[in-house]
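The lines below spell out each chain.
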Amino acid sequence: MAVTGLLMLLFLIVHMLGNLKIFYGRTEFDHYAGWLRTIGEPVLHGAWYLWIQRFVLVLAVVLHATSAYQLSRRDQKARPTKYSHHQRPKANYATHVMRYGGITLGLFIIYHILDFTTLTLNRHGVEGAAYDNVVSSFSVWWVTAIYILAMISLGLHIQHGFWSAAQTIGANRPSRDRLFRNVATGLAVFLTAGFLVVPIAVLAGLVD
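Residues numbered from 1 in each chain as written. Predicted model: local features only at pLDDT ≥ 70, side-chain atom pairs only at ≥ 80, totals over all residues. Heavy atoms only, no water.

Novice: Give a description of the packing of helix α1 (residues 2-19) against helix α7 (residues 177-203) that names residues and reports values.
Specialist: Between α1 and α7, the shortest axis-to-axis distance is 9 Å and the interhelical angle comes to 35°. Along this stretch, α1 crosses α7, giving a crossing that reads as left-handed. Counting all contacts with α1, which are made through Leu9, Leu12, Ile13, His15, Met16, Leu17 and Asn19, the residues of α7 involved are Leu187, Phe190, Leu191, Gly194, Phe195 and Val198. Taken together, the residues of the contact of α1 with α7 break down into 10 nonpolar, three polar and no charged. (Axes fitted to C-alpha atoms, helices over the stretch in contact; angles between N-to-C directions. Helix = DSSP H or I, 4+ residues; strand = E, 2+ residues; numbered from the N terminus. Left-handed = near helix turned anticlockwise from the far one by under 90°. Contact = heavy atoms within 4.5 Å. Nonpolar A, V, L, I, M, F, W, Y, C, P; charged D, E, K, R; others polar.)

Given below as structure tokens:
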């Protein structure tokens, strides 16, 4: 779970930075989107790199979700009865955020693919017109609202997930705990703000 989470985190950082190219204008953003289809040429043909990347990411998501389910079942078997006292364990909030946040993000990924990959739900939906496709979607207030809620959920997921992953792979120590918590919060804020600035800018008319 930790390894697949870190793999997806690296992808999110690169994906977010690429999204910000929209502020350089239609020509620059469409050129960037087109370049993604040529990565690996001439060794790889056409959009092979994108399909390899998609396969790896889907595999990572499936393994991540499967691991989450298995760990949840293991926790339930380890503690089949509820705590006798009324004080809620400190881990409960983070656990609920991760569990339901993960489900929310899973549904959002499906929506995101239908919006910008297959263009099924995109109002403009023209292959190769990445800039116009983005502007078309985020010009609708409820689409932007969906993305805002999903990115807030992503931020909360990253905040707890990064710290938890550091614990899992043994990188964290009591002396480093505060550092890793700060890094986790910083990454969460950085990615949430980076992803949100595009739909908000489009809805506000700053990108059109």
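Novice: Kindly report on unusual backbone geometry, identifying the contributing residues and their values.
Specialist: Cis geometry is adopted by the peptide bond preceding Pro42, which originates at Glu41 and carries an omega value of 5°. Take Pro42: it is sitting in the loop between α2 (26-36) and α3 (48-78). Backbone geometry at Leu119 places phi at a positive 65°, although glycine is not the residue there. Summarising the element assignment, Leu119 is placed in the loop between α4 (91-117) and α5 (130-138). Residue Leu119 is classed as buried on the basis of its relative accessible area, which comes to 14%. (Buried < 20%, exposed > 50% of the residue type's maximum accessible area, 1.4 Å probe, protein only.)

Novice: How would you summarise α3 if you had to cite specific residues and measurements?
Specialist: With 31 residues, α3 should cover 45 Å at 1.5 Å per step; its first-to-last C-alpha distance of 45 Å lies within 8% of that length. Taken together, the buried positions of α3 are occupied by Leu50, Leu57, Ala60, His64, Ser67 and Ser72. (Expected span 1.5 Å × (residues − 1).)

Novice: Describe the environment of Asp208, listing the residues and the values that go with them.
Specialist: Topologically, Asp208 is positioned in the segment after α7. Residue classification places Asp208 among the exposed residues on the basis of a relative accessible area of 59%. Asp208 sits 143 residues away from Ala65 along the chain, and the two C-alpha atoms are 37 Å apart. Each residue touching Asp208, except ones within four places of it in the same chain, is listed here: Arg26, Tyr131 and Val135.

Novice: How would you summarise the confidence of the model for the protein if you had to cite specific residues and measurements?
Specialist: Of all residues in the protein, 91% attain a pLDDT of 70 or more, and the chain-wide mean is 88. Confidence scores differ between elements of the protein, with α4 showing the lowest mean pLDDT of 81 and α5 the highest of 97. (pLDDT = per-residue confidence, 0-100.)

Novice: Let's hear about the pattern of salt bridges: which residues, and what values?
Specialist: In the structure shown here, the tally under the stated rule is three salt bridges. Of the charged contacts in the structure, one is a salt bridge between Asp132 and Arg26, with a shortest N-O distance of 2.9 Å. In this pair, Asp132 sits in helix α5 while Arg26 sits in helix α2, placing the two residues 106 residues apart along the sequence. Among the salt bridges present, the one from Asp177 reaches Arg181, with a minimum N-O distance of 2.9 Å. Separated by four residues within a single helix, Asp177 and Arg181 lie in helix α7, roughly one turn from each other. The class for Asp177 is partly exposed, based on a relative accessible area of 22%. Residue class for Arg181 comes out partly exposed when judged on its relative accessible area of 41%. (Salt bridge = Lys/Arg side-chain N within 4 Å of Asp/Glu carboxyl O.)

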